[in-house]
Amino acid sequence: MKGTEEENLLSEVTEKNYEYGFTTEIESDTIAPGLDESVIRTISKKKNEPDWLLEWRLEAFAAWTKMEEPEWAHVAYEKPDLQSISFYSAPKQKKELASLDEVDPELLKTMDKLGISVEEQKKLSGVAVDFVMDSVSVATSFKETLGELGVIFCSLGEAIQEHPELVRKYIGTVVPQRDNYYAALNSAVFTDGSFCYIPKGVRCPMELSTYFRINQAGTGQFERTLIVADEGSYVSYLEGCTAPQRDENQLHAAVVEIISHDEAEVKYSTVQNWYPGDKDGKGGVFNFVTKRGICHRSAKISWTQVETGSAVTWKYPSCILKGDDSIGEFFSVAVTNNKQQADTGTKMIHLGRRTRSTIISKGISSGESQNSYRGLVQIHPGAENARNFSVCDSLLMTDRCGAHTFPYIEAKTPTAQIEHEATTSKIGEDQIFYCQQRGIEEEEAIGLIVKGYAKDVLNKLPMEFAVEAQKLLTISLEGSVG
Amino acid sequence: MTVLTDIFKSTLPPPTRKSERWKYSPISKLLNSTLSTDSSEIDGGFSNEIAPNPVEGLEAYRLVFRNGKFNHSLSDLPIAKGVICMPQSEVSGEDVPEFKNTYSKTEWVGELNESYHQDGLFLKIDRNIKLDRPVLIHHLTDGKDVASFPRHFVRVEEGGEVDVVVWSSSTKNSSGMYNGILEASIAPNATLTLEKVCNEDGKIYHFSHENIIQERDSKFKMHTFTVKGHWVRNELEIISRGKGTDSIFNGAFLPTGNEHVDNHTTMDHTSTDGTSSELYRGIMYGTSTGVFNGKVFVRPDAQRTNAFQQNTNIVADRGASINAKPELEIYADDVKCSHGCTVGQFDLDALFYLKSRGIDEKAAKALLVEAFLADVISSVPCTELREEIMKIYKERHGW
């Protein structure tokens, strides 16, 4: 690529402002900033929670106060001041909503701007949308259809009221309260999230989807998602995020727990496009997420993620392959631009015999961003004939960005087979030249190559998401991608 | 109770499991031991178990150290124009080398070496001088609870060429710590070949750190063989300071019993057009543990770097384990960097093929191991050394 053209492309990319940066004005019920035990009691009381959950939160809080914020990730940022954020913010409930038509028109307008019309989606694509505006779910669709099959899909708050026995049985079993600094914080102050239960042998007929948005200024988001797939069931779950433009950093410390019982399969897909900050690295969301699933006998968990947003990302969706013959998968495309920093990857913990895992990670760094893959493949002594295959590729778009790979491989059995490979390169000039020879513009050629590069992962996304993911990839790298 | 930190004082704390660089290589047992440096005044005398020249038939200049102290009578120093080769204790005035690496400022092991170091090689090769034979440093440990802190210094001037072999051995009843540092700098167009062999009986905690600085168009080639060792940590750090450097570094480790072998390598490309190629192979027998950590840095201006790293491991027995961590940190875009890391076992099809042709299982496995190691061993330039290493591997594992 010629120097000047590259500069032109680059300036286009860097000057591109965040498209989805708008704020919805809805009255909110927010408690004063700061964090202590009384805040947790207030949250619990506001949400009318049972005593055991309050105890559970307080245990987490006690553990958290003794913990230190981790510093091992390959990222540098100013630590968020937790005493300056409000830990609870819920849109004021006007009345009980029976259908989506009753939803606040402001909300619907927001969704239109995001390019998803809830109603249209409801009709056309068969997707049930649990729309999370800040911390409380205000709209849930397709509940009736799912209800017939016995599938429970609701906000976690609702589940705590209506299915406390299920929540109590599973919450914290995969990500314990004291797992890490941010998981402990989340356990103490989580406000809401999604809950999903698929009964034995049920194949969930539609993709379950939640649209997260961070909306209230100065509000940290502490979502907690719990997915339980009972024996022989199947579910595909979608999580997508966009956030309005803000100048101060916003913290997002979510926890996702998945329990995949014998022979069950859970497919969890994420498209994440939170505000990454402006081209000077001002503002942007801090995304410190703990996602983990446990697989019982012959079960499967598949994580697919397309990460384009957030100023700082710290996220390792993991699989504990406890049961024999269980399968874990991780497919990821992480795009960083400007001053974004991402430290993301996965952990595959092989405990059962003949467990298998696949990791495909594609990093794309542009601008002055830093993009790291950090992964762990651990084969325990009992995991006979365990198998792992990992590929981590990085693509560098400018000479000021960085791409890093930190894989940890720990094998403790003589029958394990592990293969790991990683490559780092830039787009080949000969590839671009080849395309140009055939009449494809340079910009279009780069787009073609990037999409081809990320194809292995994009193909794993459900149809509805794949379209959005492509759009996000294009927006994130606009100027260099056609 | 007297612990090691009482005897050898340092400002830096010893590494714990929480230190990222040491998480797979705990040293708590060493810290509880009571060691001392060799205080005997006698020059001469050597072990009956081990010959002063560890490699039969190898014609080399030789520097022999016993428990960290230089042994004149058993050494054979070169007398050649443009070559200074002597123990550091005999270097005087302006020639006394100044160690520049930061290892002693950042690591407990390094600080101990700096505070307590005894002696070592001082080697300087002048412009366009090619030394006719390798320089062999033989380090013997034959005491109980003995700590030795050798420090070697090598400088190869423009166009010079030299081959250095660092061999450490110890007797069956020996115990203690070997804590050695080698610092080398290679001038433009010069070549340094380094072979490091650890063949230690007894219970020695072996720490070695090599710090290599490469200038423009220089060549560096290194082999690290851990043929035997109770607890071994090999650290290699190569810094490419000039453009067009070439670095090749390979290693093989076959721990058995409850041995522990840790290989840490860092390849730091700070300038343009450099190439580096790394190949480490390990077979873990018994209940041994192996560690591989390979880091490749490509700094912001190191364009057109071509770095390749491969680590292949076999976990041969139940109870053995390997912890591997191949890392890339890339800050330049016009580069080709890749790494591959595998853990597996002997190819059962190949084993079956050999057996079906009348080769018994043991011989067949030996053949496969030989083939597995061939890529590493065959690139050692010195025939005698190559054969000796293979011989020890074979004797050890009873092929």
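Predicted model, so just to flag it, every value in this text is computed and none were measured.

### Some details on the packing of aromatic side chains
Residue and element names in this part refer to chain A.
- Evaluation of the coordinates by the stated rule reveals 25 aromatic pairs over all chains.
- Taken together, a centroid distance of 5.5 Å and an interplanar angle of 45° make the contact between Trp64 and Tyr181 tilted. Here Tyr181 lies in helix H9 (residues 181-189) and Trp64 lies in helix H3 (residues 51-65), a separation of 117 residues in the sequence.
- Residue Tyr181 is classed as buried on the basis of its relative accessible area, which comes to 11%.
- An aromatic cluster is present here, built from Phe61, Trp64, Trp72, Tyr77, Tyr181, Tyr182, Phe286, Phe288, Trp314 and Tyr316 joined pairwise through their rings.
- In this structure, Arg203 is placed above the aromatic ring of Tyr234, and the distance from its NZ or CZ to the ring centre is 4.0 Å.
- Its end group placed over the ring of Phe190, Arg224 keeps NZ or CZ at 5.8 Å from the ring centre.

### Details of the packing of H3(A) against H9(A)
Residues and elements named next belong to chain A.
- Taken N-terminus to C-terminus, the directions of H3 and H9 make an angle of 145°; their axes are 7 Å apart at the nearest point. In this structure, the crossing between H3 and H9 has a hand that is left-handed. The residues of H9 that touch H3, namely those facing Trp56, Arg57, Ala60, Phe61 and Trp64, are Tyr181, Ala184, Leu185, Ser187, Ala188 and Val189.

### Details of the confidence of the model for chain A
All names here are of chain A.
- Residues of chain A with pLDDT of at least 70 account for 76%, and the chain-wide mean is 80.
- Low pLDDT (under 50) marks residues 119-127, which in the prediction has 19 contacts with non-local residues, meaning those over four places away or in another chain.
- Under a pLDDT of 50 for its full length, residues 212-219 has, in the predicted model, 49 contacts with residues more than four places off or in other chains.

### Digging into the interface of chain A and chain B
- Contacts between the two partners involve 33 residues from chain A and, on the opposite side, 35 residues from chain B.
- Carbon and sulfur atoms make up 48% of the surface buried where chain A meets chain B, a total of about 2700 Å² over both sides.
- Sorting the residues of chain A by area buried against chain B places Tyr408(A), Ile409(A) and Pro414(A) first, and these three jointly supply 21% of that buried surface.
- A salt bridge links Arg318(B) to Glu384(A); the shortest N-O distance between them is 3.5 Å.
- At the junction of chain A with chain B, the criterion picks out 17 residue pairs in polar contact (both at pLDDT 80 or more).
- Looking at the side of chain A that touches chain B, the elements with two or more residues in it are strand E23 (402-411) and strand E24 (417-426) of chain A.

### Regarding the nonpolar core
- Counting 93 residues, the largest nonpolar core has Leu208(A), Leu123(B), Val162(B), Leu192(B), Ile212(B) and Phe220(B) as the members making the most contacts within it.
- When residues no more than four places from it in sequence are discounted, the contact partners of Ile212(B) are Leu182(B), Ala184(B), Ile186(B), Leu194(B), Phe220(B), Leu236(B), Glu237(B), Ile238(B) and Ile239(B).
- Val227(B), Ile283(B), Val376(B) and Ile392(B) belong to the second-largest nonpolar core, a separate cluster that totals 32 residues.

### Describing the state of the cysteines
- A full pass over the atoms with the stated rule returns zero disulfides over all chains.
- Unpaired in this structure, Cys295(A) has its nearest cysteine sulfur neighbour in Cys319(A), at a distance of 5.4 Å.
- When its relative accessible area of 0% is taken as the criterion, Cys295(A) is described as buried.
- With no disulfide of its own, Cys392(A) lies closest to Cys341(B) among cysteine sulfurs, the gap being 11 Å.

### A few points about the pairing of strand E7 (residues 151-156) of chain B
- Across the six residues of E7(B), six count as buried, placing the element largely inside the fold.
- Every second residue of E7(B) is oriented toward a common face, with Arg151(B), Phe153(B) and Arg155(B) on one face and His152(B), Val154(B) and Val156(B) on the other, all of them buried.

### Some words on the pairing of strand E11 (residues 255-260) of chain A
Residue and element names in this part refer to chain A.
- Burial analysis of E11 places six of its six residues in the buried class, the great majority of the element.
- Of the two faces of E11, both are covered, the one formed by Val255, Glu257 and Ile259 as well as the one formed by Val256, Ile258 and Ser260.
- Looking at chain direction, strand E8 (residues 224-229) and E11 are connected through six bridges and run parallel. By the bridge assignment, Val228 is partnered in E11 with Ile259.
- Where E11 and strand E13 (residues 285-295) come together, six bridges link them in parallel fashion. By the bridge assignment, Ser260 is partnered in E13 with Cys295.

What counts, and at which threshold
Residues numbered from 1 in each chain as written. Chains lettered and ligands numbered in written order. Predicted model: local features only at pLDDT ≥ 70, side-chain atom pairs only at ≥ 80, totals over all residues. Heavy atoms only, no water. Phe/Tyr/Trp six-rings, centres within 6.5 Å; stacked < 30°, edge-to-face > 60°. Helix = DSSP H or I, 4+ residues; strand = E, 2+ residues; numbered from the N terminus. Buried < 20%, exposed > 50% of the residue type's maximum accessible area, 1.4 Å probe, protein only. Lys NZ or Arg CZ within 6 Å of the ring centre and 35° of its normal. Axes fitted to C-alpha atoms, helices over the stretch in contact; angles between N-to-C directions. Left-handed = near helix turned anticlockwise from the far one by under 90°. Contact = heavy atoms within 4.5 Å. pLDDT = per-residue confidence, 0-100. Buried area = accessible area lost by both parts, 1.4 Å probe. Salt bridge = Lys/Arg side-chain N within 4 Å of Asp/Glu carboxyl O. Polar contact = N/O pair within 3.5 Å; in protein donor to acceptor, adjacent residues only side chain to side chain. Core = buried A, V, L, I, M, F, W, Y, C linked by side-chain atoms within 4.5 Å. Disulfide = S-S within 2.5 Å. Pairing = 2+ DSSP bridges.

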